[in-house]
Each structure stands twice: as structure tokens, then as C-alpha cells.
Amino acid sequence: MKKLLIFFLILIIPMTVHASPYCDYNEYNEILKKAGNVNIMVDYKELEDSAVFTITLYNIQADEYIVNNETGNKYYYADTNNGIISFNNITEPKIYKFTIYSTLNQCDDSALATLYATVPTYNKYYKNKLCEGIEDYKLCQRWSTIDLTYEEFKSQIDSYKASKIEEADKDDTYKSIFDYMLDFYLKYYYYLLPSIIVISIISIFIIKKRENKFKL
């Protein structure tokens, strides 16, 4: 029974070890650090009613290569411009994935790092005149996932503006008496203030005079 167990373990152990016998872990850690220095940037250019994006990877080293997971294409250092490579004319909004490998990796064939680039949905209506004054509204933001015809867009904008006017009217209706008094004072304070000062002085004088009368 023991011999059978030992034989079974011998069969399993080689299957669970994936590292190459030539793996130098110090070297592996170095290439792992270099892969971590590769960065990604997304830029865009606005057209009349759309946007075109460029995804750029930089700090690529001579012994590294990039795989574009969207296409499966590999790009080596010779394909870059001094360690920089750009993917142009991207229009489809989605998350793009790029994986980094090293030709020096003797330990395994897995990716050393993974980079993601998010291309957002461009809102072709965000510069429309209907959005003036309500730029923070979701239908008026540059990056907004909307799929509306112009008539639908206009209808929702009109409804939103009407709701804001209604809210403002409600706020005015529920203003307290103190708010009205404060508004009145702020509007006419240059007339009221001197009168208030004079009345206060006269009141203090009368009170003092009465106090002196009672003391006598």
C-alpha cells in the first residue's frame, strides 16, 4: 500500500511544478519590475459629432513585447518608436487590454503585466445650444452613454428645464417671513439703518431717563 502511495505522489509532483528548471528568480523579479514600468495613456481628438482615440504605451524595453488582446497581434521593440507604440483611430467605446511579455523570461510563458485602456462613449449632443446653463446634466456631459434621436434629446432637455423651473417656484413659495424681511432689509438697508440707529438712541435715552427718575 505504501509503495502504491509513493508511486502515486511521484506521478503528481511533476504535474504541479510549472517553473522551468532554468528559472533564475532574481532575473525573473528584475524583468517583472521592468514590465511594471510600462505605462498606458489615452488621448482623443474631437470631430464634428464624434471623437477618435489614440492609445499609447510607453517605457517598453528592448527585451519586451506587447500583445494587443483585441487583435492578438504581437509588437516587439523593433515595432516601437524608442519604446513607444500607439494605436490610432479607435472609435469603439470599450475597455482595451494589453499584456506585456519578456523574451528573457525562462520561468514560464505567462504575461508579466496587464494594462487596460478605457475608451468612453462620446456624447455628440453635449455642445448643443440646448445644454447652455445645464452643462452638469447627464445628457449634456461630454462622455455620456446615450442613444437618442435629436427629437428625443430635445424632449428630455425641455422636460428637465421645466422641472428645474418648477423646483425654483416651489422654493420661492416656501420662503419664510424672515426671508422676506431679510430681502427687504438688504434692499433698503441704507434707508432703514439710520432710522434704526436713531430709534435705538432715543429708546436708550428714554429708558435711562426713567431709571434716573425712579432713583430719585
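Here the residue numbers are simple positions, counted from 1 along each chain's written sequence. This being a predicted model, a pLDDT of at least 70 is required before a residue's local features are given, and a value of 80 or more before pairs of side-chain atoms are given or counted; all residues contribute to the totals for chains, interfaces and linings. In computing side-chain values, all of the structure's heavy atoms are included and hydrogens and water are not.

## Here's the deal with the side chain of Asn-105
- Secondary structure follows DSSP: runs of H or I at least 4 residues long count as helices, runs of E at least 2 residues long count as strands, and numbering of each begins at the N terminus. Looking at the secondary structure, you find Asn-105 in the loop between strand S6 (94-102) and strand S7 (113-119).
- Burial here depends on accessible area, computed with a 1.4 Å probe over protein chains only, as a share of the maximum for the residue type. Under 20% is buried, over 50% is exposed, and the range in between is partly exposed. The class of Asn-105 is buried, set by a relative accessible area of 11%.
- Polar contacts, as counted here, are pairs of nitrogen or oxygen atoms within 3.5 Å of one another; within protein the pair requires one atom able to donate a hydrogen and one able to accept it, and residues that are adjacent in sequence qualify only if both atoms are side-chain atoms. At a separation of 3.0 Å, a polar atom in the side chain of Asn-105 contacts the main-chain carbonyl oxygen of Asp-108.

## Topic: empty space enclosed by the protein
- Here a cavity is any set of points on a 1 Å grid over the protein atoms alone where a 1.4 Å probe fits but cannot get out, and a pocket is any open set with protein on both sides within 12 Å along at least 5 of 7 lines; a residue lines the site when it has an atom within 4 Å of a point. Grid points are joined across faces, edges and corners, and a volume is the space filled by probe spheres set on the points. For the structure on display, the rule yields one cavity of 30 Å³ or more.
- Computed from the structure, the largest cavity encloses a volume of approximately 40 Å³.
- Surrounding the largest cavity, Tyr-22, Cys-23, Asp-24, Glu-27, Tyr-28, Ile-31, Leu-104, Asn-105, Gln-106 and Cys-107 form its lining.
- For this classification, the nonpolar set comprises Ala, Val, Leu, Ile, Met, Phe, Trp, Tyr, Cys and Pro, the charged set comprises Asp, Glu, Lys and Arg, and every other residue, Gly included, is treated as polar. Its residues assigned to classes, the lining of the largest cavity shows six nonpolar, two polar and two charged.

## Notes on the environment of Ile-90
- Among the structural elements, Ile-90 can be located in strand S5 (residues 85-90).
- Judged by its relative accessible area of 11%, Ile-90 is buried.
- Separated by 35 residues in sequence, Ile-90 and Ile-55 place their C-alpha atoms 8.0 Å apart.
- Any two residues whose heavy atoms approach within 4.5 Å at even a single point are treated as in contact. Apart from the residues within four sequence positions on either side, Ile-90 is in contact with Ala-51, Val-52, Phe-53, Ile-55, Tyr-96 and Val-119.

## Here's the deal with the nonpolar core
- Side-chain atoms within 4.5 Å are what join buried Ala, Val, Leu, Ile, Met, Phe, Trp, Tyr and Cys residues into a set we call a nonpolar core. Judged by nonpolar contacts, the single largest core of 25 residues is most densely connected at Ile-55, Leu-57, Ile-90, Phe-98 and Ile-100.
- Those elements that place two or more of their residues in this core are helix H2 (25-36), strand S2 (51-58), S5, S6 and S7.
- With near-sequence residues (within four places) excluded, Leu-57 lies in contact with Asn-39, Ile-40, Ile-66, Gly-83, Ile-84, Ile-85, Phe-87, Phe-98 and Leu-115.
- Residues Ile-134, Tyr-137, Cys-140 and Ile-157 belong to the second largest nonpolar core, which totals ten residues.

## Comments concerning the pairing of S2
- The criterion for strand pairing is that DSSP finds at least two bridges linking the strands in question. Two strands pair when backbone bridges link them, and strand S1 (residues 39-46) and S2 are joined in this way by eight bridges, in the antiparallel orientation. Within the sheet, the bridge partner assigned to Lys-45 lies in S2 and is Val-52.
- By the bridge criterion, four bridges tie S2 to S5 in an arrangement that is antiparallel. When the bridges of S5 are listed, Ile-55 appears paired with Phe-87.

## Here we look at the pattern of salt bridges
- Any Lys or Arg side-chain nitrogen located within 4 Å of an Asp or Glu carboxyl oxygen qualifies as a salt bridge. Tallied over the entire structure, the rule returns five salt bridges.
- Across the salt bridge formed by Asp-63 and Lys-34, the nearest N and O atoms sit 2.7 Å from each other. Taken together, the residues Asp-63 in the loop between S2 and strand S3 (64-68) and Lys-34 in helix H2 connect sequence positions 29 residues apart.
- The partly exposed category is assigned to Lys-34, whose relative accessible area is 25%.

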